[in-house]
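Remarks on the overall topology
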Amino acid sequence: SARRRPFPAPAPGSPPPAGTLFPGRHGAVKGEDTFKTSPFHLDLWFYFTLQNWVLDFGRPIAMIILPLEWFPLNKPSAGDYFHMAYNVITPFLLLKLIERSPKTLPRSMIYVSIIMFVMGASIHLVGDSVNHRLIFSGYQHHLSVRENPIIKNLKPETLIDSFELLYYYDEYLGHSMWYIPFFLILFIYFTGCFTPVAEESRMPVAALLLMGPSSLYYWYLVTEGQIFILYIFTFFAMMALVMHQKRKGLVLDSNGLFLFYSFIITLLLIAGWVAWLWNDKILRKKYPGVIYIPEPWAFYTLHMNNLHAAKESL
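Conventions used here
- Residues numbered from 1 in each chain as written.
- Predicted model: local features only at pLDDT ≥ 70, side-chain atom pairs only at ≥ 80, totals over all residues.
- Heavy atoms only, no water.
- Salt bridge = Lys/Arg side-chain N within 4 Å of Asp/Glu carboxyl O.
- Helix = DSSP H or I, 4+ residues; strand = E, 2+ residues; numbered from the N terminus.
- Buried < 20%, exposed > 50% of the residue type's maximum accessible area, 1.4 Å probe, protein only.

Naming follows an unreviewed UniProt entry, where the chain appears as CLN6 protein of Neopipo cinnamomea.

It is worth spelling out the pattern of salt bridges at this point. What the rule picks out here adds up to eight salt bridges. In this structure, the salt-bridge partner of Arg59 is Asp56, at a minimum N-O distance of 2.9 Å. Taken together, the residues span about one helical turn, with Arg59 and Asp56 both in helix H1 (residues 42–65) at a distance of three residues. Residue Arg59 shares its accessibility class with Asp56, and that shared class is buried. The partner of Lys96 in a salt bridge is Glu99, and the shortest N-O contact between them spans 3.3 Å. Here Lys96 pairs with Glu99, and both are found in helix H2 (residues 78–99), just three residues apart, close to one helical turn. For Lys96, a relative accessible area of 28% corresponds to the partly exposed category. With a relative accessible area of 54%, Glu99 lands in the exposed category. If you follow the salt bridges from partner to partner, you end up with Asp56, Arg59 and Asp128 in one network.

Encoded structure:
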């Protein structure tokens, strides 16, 4: 009988044999998950936190602080340029975060999510730009569109419908297409943050220092974006995954712990925010229903603007 000849190893630089699966390529499937050491991504988490605070939270602040003569009302504001930078930098950081996952993740879902993220953030850029510029004309965020004094007197009344459409693109469609892919990508990354080595389930000091600013930003994201349902479902999915993996003898690594604990602190901050404003009758009218989570900017236009006006009158 003929002897079976061993399959020759490919020469360096030659293409792989047909049917060979590579874990790093699109569409590849791994027979067994291989767990690798994944050190804490200090650079990426720091960049995330920095650009979130500067380019997202700092957008409306820059618009209000900088002189109006530099950015006329019929031109993009400084906050708009911050938003443009955010729309470019954040998808790049999300992709770099996915690349560092020790587990093979569904690339197609990642790419579609990134595309949806950019579309939603861009829609939000336009609506948010106009809505924030309306503050200089007396628009009050704690009131609905039709209840605002500068809106309800518009003629013809069909213009009010146009402003409500703008509000819909800003607060509903833009937020949904922005935040759903964002939290989906974070959760997909979170699924790869498990290890069988108990010694890897600890956070360095740098992670503990970043946890506070990161959690505070997520609080702002959830409250201002009005996405508590999306956030809490993501958090519950994380908890369920942690309990499921624990039965398999797996624990979170440092990156997973950082993300999980940040979400826990965020939930505590949201609870404190709601408890503080629980008896605010005006905000209660703006946010009716079972889930009552006021937006920070609605609180600002209701209380802080009045405080500034009172100081100026003294």
